[in-house]
Amino acid sequence: MVQLLEQPVRDTEAKQEMQTDSEMEPPPGTSQSAWRFRVAMVQHHRTVYSVCYRILRDAHEAEDVTQEAFLKYWQLSGEVRGAKAWLITVARNKCLDRLRSKKRIVDADPDFFEQQAEERDPEWHASRDEVGSKLDRLVSELPEPQRSLVLLFDVQGMTGAECAQVLDLNINQVKVYLHRARRRLRLALEDSND
Amino acid sequence: MTELDRTWAETQIEAMADGSLSPEAEKRMLAVMSRDDGLAARVERAKTLHRQLRQLADVPTPRGLRRRLWRIPTSDRHWLTGVWMPAGLVAAAAAVALTVNLFFGVQNQSSEDAAMEAAVQDFTIVMAYLQKSAVMARNEVNEAVGSGMLDALAVSRSMLDRTEIDVSEGDLENDD
């Protein structure tokens, strides 16, 4: 399991980030920091927003948190190594702060998530099948850090080592929480199908 | 198959599904599964779940958010840094000149007419400075917005190029 967790799940993304840091040069008239920021933004905005959206279940709050995370990245970009992991760490922490402040970690109305998605992006909502919608809801109801682990490892394809870094866990904890989360999801799906 | 085997197997379903069991454990698991159809079905469901999770699509980022993120490098600059520095310095110098003049003007009230004339003259100079700084700031903003558009095109093109390279490499691998 440890060996599996340390393997990059999506090689293309890792390769892209590596190329970004070392090979790409900014066009004339663009500062290195602005260029680095925009490349990171193009590469990671979907991941960061998706994670925020699935944790918060609120499109507007997910937008706010994504913007705050990228703003902080811009302000500290000279000191940040590994943009993706850093952005997700910051965004997730901000999401959890918001959830804690509103005391709605797992007690939200299950229909709320669906309504939000439908209002925000009807095309995307329509393209998802029933299983995808159900899974989204079940994942969002998992307790932390299981929810974040499923989102980062299974959905976003991050490596176990990256997940451990983002969630401040060791690799064995990643393995245990991940299996618990999947088991919980499987049982919930079985219950809902019965 | 003992009860111990069955209990152990139930805890290994997720590991079996994601292929992370050791060869020995996998062999033992397969042996238990061959005698328990229910367990085999649960492993299959775990595999399906694993696959479905990986297929969950990213939530599309709203266009307005993408636009705001793109503008961060040009909008979030401190007023005394970057493009605002020259305009800020000019405005600060004008403010200092006005303050100094007013201070000495208050002290030198004996020749009120001369002071008034000097104050009007200084005020004119300060206004000219402010006007000049406003023009500079406007030019800098125009330049920044213009380069932002160029940056947008450059990043999009470079990302597109890479995507094309990745796709063609993928095609080659598939051909092999």
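1. Topic: the overall build of chain B
Within chain B, the secondary structure is distributed over seven helices and zero strands. Taken from N to C terminus, the helices and strands of chain B fall in the order α-α-α-α-α-α-α. Of the contacts formed within chain B by residues at least 6 apart in sequence, a portion of 64% connects residues at least 24 apart.

2. A look at the packing of helix α5 (residues 83–102) of chain A against helix α10 (residues 160–167) of chain A
Residue and element names in this part refer to chain A. Following both chains from N to C, one finds α5 and α10 inclined at 40 degrees, their axes separated by 9 Å at the closest point. The orientation of α5 relative to α10 falls into the category oblique. The handedness of the crossing between α5 and α10 is right-handed. Of the residues in α10, those touching α5 at Ala85, Ile88, Thr89 and Arg92 are Glu162, Gln165 and Val166.

3. Regarding unusual backbone geometry
All names here are of chain A. For the bond from glutamate 144 to proline 145, the omega torsion is 0 degrees, close enough to zero to count as cis. Unusually for a residue other than glycine, arginine 57 sits at a positive phi of about 60 degrees. Considering the arrangement of structural elements, one finds arginine 57 in the loop between α3 (32–56) and α4 (59–76). Given 24 C-beta atoms within 10 Å, arginine 57 falls into the buried group. Backbone geometry at aspartate 168 places phi at a positive 55 degrees, although glycine is not the residue there. In this structure, aspartate 168 sits in the loop between α10 and α11 (171–193).

4. Observations regarding the nonpolar core
Soluble globular proteins tend to pack their nonpolar side chains together in the buried interior. Residue and element names in this part refer to chain A. If you look at the biggest cluster of nonpolar residues, it comprises 62 residues, and the most contacted ones within it are Cys52, Tyr73, Leu87, Ala91, Leu149 and Cys163. If one sorts the elements of this core by residue count, α3 sits on top with 13 residues. Excluding residues within four positions of it along the chain, cysteine 52 makes contact with Ala62, Val65, Thr66, Ala91 and Cys95.

5. Overview of the confidence of the model for chain A
Looking at chain A, the pLDDT average stands at 78 and 73% of residues meet or exceed 70. Here residues 1–22 of chain A scores under 50 on pLDDT; set against residues more than four positions off or in separate chains, the count is 32 contacts.

6. So, α5(A)
The end-to-end C-alpha distance of α5(A) is 29 Å, a good match for the 28 Å that 20 residues give at a rise of 1.5 Å each. Taken residue by residue, α5(A) has Ala83(A), Lys84(A), Ala85(A), Trp86(A), Leu87(A), Ile88(A), Val90(A), Ala91(A), Arg92(A), Lys94(A) and Cys95(A) as its buried positions.

7. Quick look at the packing of α3(A) against α5(A)
Residue and element names in this part refer to chain A. At a closest axis distance of 10 Å, the pairing of α3 and α5 adopts a crossing angle of 25 degrees. Comparing their axes, α5 and α3 come out roughly parallel. In this structure, α3 meets α5 at a crossing whose hand is right-handed. The segment α3 lies against α5, with Ala40, His44, Thr47, Val48, Val51, Cys52, Ile55 and Leu56 engaging Ala83, Lys84, Leu87, Ile88, Ala91, Arg92, Cys95, Arg98 and Leu99.

8. Describing the environment of Lys94(A)
Residue and element names in this part refer to chain A. Considering the arrangement of structural elements, one finds lysine 94 in helix α5. For the pair lysine 94 and alanine 62, spaced 32 residues apart in sequence, the C-alpha to C-alpha distance is 9.8 Å. Not counting residues up to four positions away in its chain, the partners in contact with lysine 94 are Val65, Glu68 and Ala69.

9. Brief notes about the confidence of the model for chain B
Residues and elements named next belong to chain B. Averaged over all residues, the pLDDT of chain B equals 74, while 63% of them reach at least 70. Below a pLDDT of 50 lies the segment residues 78–83, which in the model reaches eight contacts outside its immediate sequence neighbourhood of four places, other chains included. Contacts of residues 167–176 to residues separated by more than four positions or lying in other chains number zero contacts, the stretch itself having pLDDT below 50. Across the whole predicted complex the pTM is 0.62, and at the interface the ipTM reaches 0.72.

Quick notes on the rules
Residues numbered from 1 in each chain as written. Chains lettered and ligands numbered in written order. Predicted model: local features only at pLDDT ≥ 70, side-chain atom pairs only at ≥ 80, totals over all residues. Helix = DSSP H or I, 4+ residues; strand = E, 2+ residues; numbered from the N terminus. Contact = placed C-beta atoms within 7 Å. Axes fitted to C-alpha atoms, helices over the stretch in contact; angles between N-to-C directions. Parallel < 35°, antiparallel > 145°, perpendicular 65-115°, else oblique. Left-handed = near helix turned anticlockwise from the far one by under 90°. Buried ≥ 20, exposed ≤ 12 C-beta atoms within 10 Å, placed from the backbone. Core = buried A, V, L, I, M, F, W, Y, C linked by C-beta atoms within 7 Å. pLDDT = per-residue confidence, 0-100. Expected span 1.5 Å × (residues − 1).

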